[in-house]
Amino acid sequence: MTGDEFKIVRIAAAVALGGFLVGFDATVISGAIPLLRDYFGLGGSAGGLKLGWAVSCLGWGAMAGNLAAGTLSDRFGRRSVLLLTAVLFLASALTAALSTRFAVFVAARICGGLAVGAAILTAPVYIAEIAPARSRGSLVSLNQLMIVIGISISFFSNYFLLSLGKDSWRWMLGAQAVPAGIYFLLLTLVPESPRWLLGKGREAGARAALAAVHGAAALHRELDIVQGNLGKKTRHIGLRELFTGRLQRVMAFGLGIAFFQQATGINAIFYYLPTIFAASGGELSTSFAQSVLVGLVNVGMTVVAIWLIDRLGRKPLLVIGLTGITLSLLTICWAFHPAHASHGNLVLIAIIAYVASFAISLGPVMWVMLSEIFPNDERAAAISVVGFWNSLVSASVTLLFPIEVAAWGPAGTFLAYGLLAAGGLLFVVMLAPETKGKTLEELEGILTRPKQALGNNADSGS
């Protein structure tokens with residue numbers, strides 16, 4: 001690896017730390033659920049709905065963060081928005097940890113959701129805008145790697161902090177303040193996105209940023225590529241136009257893949273993981289240890305995805321992963337069926353297989369493709385809309401999970417997820433394009449060409 005290549009990796013890794021905070025903030029609640037239920041008195045049917053709200057409110061806040069991210073990052077810059085998310089993560093962690101009223105706790109988690117929604121969209125866009133085409137998939141996937149590391153560390157943290165007693169949930173939630181502070185400091189050392197600077201007519205700043213990212217030798221080549229594309233643009237399109245004309249097909253694919261990523265139950269499983277393991281017959285402390293194991297598998301398979309995504313391609317990973325997701329969810333359904341004896345070990349194995357399949361496909365690949373398929377000028381607005389939809393599906397699935405389990409049982413709930421995964425597999429086979437190995441400007445010409453069927457480009461990057 002050359003010095004300039006290492007510099008890009010270092011900058012991408014610093015920005016991707018926001019993904020760590022996204023993953024940690026999202027799943028740290030899983031360990032706090034039993035303790036929060038007791039502290040805030042969330043028993044009974046009404047308490048179950050409030051518990052679902054306490055868990056899912058992060059997702060509802062993320063929806064607002066998604067919508068704001070595009071406008072704010074287009075107006076103030078990618079780096080400025082990421083700095084704001086670091087502040088919100090810090091405030092959310094401290095307020096939630098110190099809260100004594102349920103309303104304050106929920107407000108703090110919604111604040112964290114704002115940060116999650118903005119960071120999960122802005123960080124991949126920033127990385128995609130600084131990354132060379134040949135390694136863009138791997139570099140953008142660093143954000144997903146950091147998300148799953150954050151998930152895994154939250155499981156570790158919860159497991160060890162559980163011994164602190166009934167108030168351990170405060171330490172679980174407050175621990176996030178440390179990486180949030182580090183993230184803010186690291187962001188002060190990275191440049192603004194050169195593409196954003198050029199789009200604002202700040203050529204001097206863009207030149208400095210390109211030199212800082214790619215080195216002086218590659219400055220003019222990168223500058224010519226970006227300027228050539230920006231010169232073709234004369235206006236920004238409105239929200240309505242995202243769903244018509246040349247963007248119609250890429251928006252349809254983006255909304256579809258965002259739906260299936262969450263409708264297959266990933267966040268419901270992660271948020272309620274110790275509860276699911278306990279329902280399969282294990283003790284609470286054992287279920288926390290099993291959650292740690294699942295987190296390690298998640299990290300390991302995401303590393304595999306990063307290694308494969310620029311070699312094998314995006315579409316093959318989606319097909320392989322969704323096949324595994326479908327089979328794993330149907331196996332969990334079978335294991336929980338009332339006609340069978342307790343199958344706790346089978347549930348553990350199937351959930352590990354599910355997480356492994358997700359980690360090499362829908363987890364990293366969706367965010368990579370969303371950062372690639374939209375044109376430069378419309379990228380932030382389009383990803384905001386798709387991200388809002390993704391968060392809406394996520395929050396809804398998480399909110400409804402306790403209600404679904406009560407009404408359908410675990411078997412019926414996982415059967416529904418399995419059928420949705422099968423639908424997602426069919427969707428990917430028919431509509432997913434291949435984007436590996438092409439610059440963002442090349443992809444714009446291919447994927448937004450009038451009357452060009454998106455599925456016909458499935459092998460364009462091979």
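Every chain's residues receive numbers from 1 upward, in the order its sequence appears when written. The model is predicted, so local features are restricted to residues of pLDDT at least 70 and side-chain atom pairs to those at 80 or more, both for listing and for counting; the totals for chains, interfaces and linings are taken over all residues. Note that the side-chain values use all heavy atoms of the structure and ignore hydrogens as well as water.

Colleague: Please explain the packing of aromatic side chains as it appears in this structure.
Modeller: Each pair of aromatic rings is reported with the distance of its centres and the angle of its planes. Note on aromatic contacts: the rings of Phe and Tyr and the six-membered ring of Trp form a pair at centre separations within 6.5 Å, being stacked when their planes are under 30 degrees apart, edge-to-face when over 60 apart, and tilted otherwise. Evaluated as defined, the whole model comprises 16 aromatic pairs. Ring centres of Tyr39 and Phe40 lie 4.9 Å apart, and the angle between their planes is 90°; on these two criteria the pair is classed as edge-to-face. Taking the centre distance of 5.8 Å and the plane angle of 5° together, the rings of Phe253 and Phe427 count as stacked. Pair noted here: Phe253 is in helix H12 (residues 248-263) and Phe427 is in helix H19 (residues 379-431), with a separation of 174 residues, a long-range link. Here the two residues Phe253 and Phe427 agree in accessibility, since each one is buried. Helix and strand labels come from DSSP, where a helix needs a run of H or I of at least four residues and a strand needs a run of E of at least two; each type is numbered from the N terminus. Each residue's exposure class comes from its accessible area (1.4 Å probe, protein chains only) as a fraction of the maximum for that residue type: buried when under 20%, exposed when over 50%, partly exposed otherwise.

Colleague: How should the pattern of salt bridges be read in this particular structure?
Modeller: One speaks of a salt bridge when a side-chain nitrogen belonging to Lys or Arg is within 4 Å of a carboxyl oxygen belonging to Asp or Glu. Scanning all chains against the criterion turns up 7 salt bridges. The salt bridge partner of Asp25 is Arg109, with a shortest N-O separation of 2.8 Å. A residue pair is termed long-range when its members are at least 10 positions apart, and Asp25 in helix H1 (residues 3-27) and Arg109 in helix H5 (residues 102-130) qualify at 84 residues. Between Arg136 and Glu372 there is a salt bridge, with the nearest N and O atoms lying 3.2 Å from each other. Taken together, the positions of Arg136 in helix H6 (residues 136-161) and Glu372 in helix H18 (residues 362-373) put the pair 236 residues apart, joining distant regions of the chain. Among the charged side chains, a network of salt bridges with common partners joins Arg136, Asp310, Arg314 and Glu372.

Colleague: Before we go on, may I ask you to explain the confidence of the model for the chain in this structure?
Modeller: Keep in mind that low pLDDT regions are not for reading the predicted coordinates in detail. On a range of 0 to 100, pLDDT expresses the predictor's confidence in each residue. Of the residues in the chain, 86% reach a pLDDT of 70 or more, and the chain-wide mean stands at 84. Throughout, a residue-residue contact means that at least one pair of heavy atoms, one from each residue, lies within 4.5 Å. Note that residues 450-462 has pLDDT below 50 and, in this model, 30 contacts with residues that lie over four places away or in other chains.

Colleague: Even after reading the chapter, I still don't get a nonpolar patch on the surface, so can you show me in this structure?
Modeller: By definition, no residue in a patch forms a salt bridge, and every one has over 30% relative accessible area; like charges are joined within 9 Å, nonpolar side chains (Val, Leu, Ile, Met, Phe, Trp, Tyr) within 5 Å. Surface accessibility follows the Shrake-Rupley procedure with a 1.4 Å probe radius. Residue values consider only the protein chains on display as shielding. Among the surface-exposed residues, Leu84, Val87, Phe184 and Leu185 lie close enough to one another that they form a single nonpolar patch of about 350 Å² accessible area. Going through the elements one at a time, helix H4 (78-98) and helix H8 (177-187) are the ones with two or more residues in the nonpolar patch. Tracing the backbone through its elements, the reader meets Leu84 in helix H4. With a relative accessible area of 42%, Leu84 lands in the partly exposed category.

Colleague: Please explain H18 as it appears in this structure.
Modeller: Because the α-helix completes a turn every 3.6 residues, residues three or four places apart line up on one side. Multiplying 1.5 Å by the helix residue count minus one yields the expected span of that helix. Between its terminal C-alpha atoms H18 stretches 16 Å, which fits the 16 Å expected from 12 residues at 1.5 Å a residue. Burial analysis of H18 places 12 of its 12 residues in the buried class, which makes it a mostly covered element. All of the buried residues along H18 are Leu362, Gly363, Pro364, Val365, Met366, Trp367, Val368, Met369, Leu370, Ser371, Glu372 and Ile373.

Colleague: I would appreciate a short explanation of the environment of Gly199 in the present structure.
Modeller: Among the secondary structure elements, Gly199 is positioned in helix H9 (residues 194-199). For the pair formed by Gly199 and Asp377, sequence separation is 178 residues and the distance between their alpha carbons is 8.1 Å.

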